[in-house]
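Working through the structure, step by step
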Amino acid sequence: QVQLVESGGGLVQAGGSLRLSCASSGSTFSIYGMMAWFRQAPGKEREFVAAISRSGGSTSYAESVKGRFTISRDNAKNTVYLQMNSLKPEDTAVYYCATGGAGISPDEYGYWGQGTQVTVSS
């Protein structure tokens, strides 16, 4: 059984930074393949943020976060990270990690964490 637990969210001022973590348990992390971060703001659909391949050698980002966010993974620690710099109020959302799929559509992923709230004040 795949279990994903996000942490690291919080309240930060615009221009600040946060690092989100997603720890997995219940199975071998390295076999999950693609790991991704999505976010969902109030009243909006869940949207793709970033993804990373099993080895960590390939990453992709939404245009809105490119150059500000960095996704990484440590297979030895069963953890994927999202470093978020130069945060903007429009980054405010619940952030979810996901696996068991590929691509940028949330419908493609079968396993999700419970989410962690990120709030960026202006």
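Let me begin by describing the structure that accompanies this report. Small disclaimer: the values here were computed from a predicted structure and weren't measured. (Residues numbered from 1 in each chain as written. Predicted model: local features only at pLDDT ≥ 70, side-chain atom pairs only at ≥ 80, totals over all residues. Heavy atoms only, no water.)

What to know about the pattern of salt bridges
- Enumeration over the complete set of coordinates arrives at four salt bridges.
- Residue Arg39 is joined to Glu47 by a salt bridge in which the shortest nitrogen-to-oxygen separation is 2.6 Å.
- With a shortest N-O distance of 2.9 Å, Asp91 and Arg39 are connected by a salt bridge. With Asp91 in the loop between β8 (79–84) and β9 (93–99) and Arg39 in strand β4 (residues 35–40), this pair connects stretches of sequence that are 52 residues apart. Each of the two residues, Asp91 as well as Arg39, counts as buried.
- Bridged by salt links that share partners, the residues Arg39, Glu47, Arg68 and Asp91 form one connected network. (Salt bridge = Lys/Arg side-chain N within 4 Å of Asp/Glu carboxyl O. Helix = DSSP H or I, 4+ residues; strand = E, 2+ residues; numbered from the N terminus. Buried < 20%, exposed > 50% of the residue type's maximum accessible area, 1.4 Å probe, protein only.)

Side note on the nonpolar core
- Core analysis: the biggest nonpolar cluster contains 30 residues, and Trp37, Val49, Phe69, Leu82, Met84 and Tyr95 have the highest contact counts within it.
- Secondary-structure elements contributing two or more residues to this core are β3 (18–25), β4, β5 (47–52), β7 (69–74), β8, β9 and β11 (116–121).
- If one sorts the elements of this core by residue count, β5 sits on top with five residues.
- Beyond its immediate sequence surroundings of up to four residues, Phe69 is in contact with Arg39, Val49, Tyr61, Leu82, Gln83, Met84, Asn85, Leu87, Asp91 and Tyr95. (Core = buried A, V, L, I, M, F, W, Y, C linked by side-chain atoms within 4.5 Å. Contact = heavy atoms within 4.5 Å.)

A short note on the side chain of Asp91
- The buried category is assigned to Asp91, whose relative accessible area is 0%.
- Sequence-distant contacts of Asp91, that is, excluding residues within four places in its chain, are made with Arg39, Arg68, Phe69, Ser86, Val118 and Val120.

Some thoughts on the environment of Gly15
- By secondary structure assignment, the location of Gly15 is in the loop between β2 (10–13) and β3.
- By relative accessible area, which is 54% here, Gly15 ends up exposed.
- Sequence separation of Gly15 and Asn85 is 70 residues, and the distance between their C-alpha atoms is 7.0 Å.
- Once residues lying within four places of it in the same chain are set aside, the contact partners of Gly15 are Ser86 and Leu87.

A few points about the environment of Leu4
- Following the sequence through the fold, Leu4 ends up in strand β1 (residues 3–7).
- A sequence separation of 39 residues divides Leu4 from Gly43, and the C-alpha atoms of the two residues are 24 Å apart.

Side note on the packing of aromatic side chains
- Evaluated as defined, the whole model comprises five aromatic pairs.
- With centroids separated by 5.3 Å and ring planes inclined at 70 degrees, the aromatic side chains of Phe38 and Tyr109 adopt a geometry described as edge-to-face. In this pair, Phe38 is assigned in strand β4 and Tyr109 in the loop between β9 and β10 (111–112), connecting sequence segments 71 residues apart.
- Aromatic ring contacts, followed pair by pair, group Phe38, Phe48, Tyr96, Tyr109 and Trp112 into a single cluster.
- Positioned over the ring face of Tyr96 is Arg46, at 3.8 Å from the centre of the ring.
- A cation over a ring is seen here: Arg46 above Trp112, with NZ or CZ 4.7 Å from the ring centre. (Phe/Tyr/Trp six-rings, centres within 6.5 Å; stacked < 30°, edge-to-face > 60°. Lys NZ or Arg CZ within 6 Å of the ring centre and 35° of its normal.)

A few points about the sheet that holds β1
- One open sheet accounts for four strands, arranged β1-β3-β8-β7; its pairing is antiparallel. Each edge of the sheet is formed by a strand with only one pairing partner; in this case those strands are β1 and β7. Taking each pair of neighbouring strands and ignoring which way they run, the sheet shows an average axis angle of 15 degrees.
- Here six bridges tie β3 to β8, and the two strands are oriented antiparallel to one another. (Pairing = 2+ DSSP bridges. Axes fitted to C-alpha atoms, helices over the stretch in contact; angles between N-to-C directions.)

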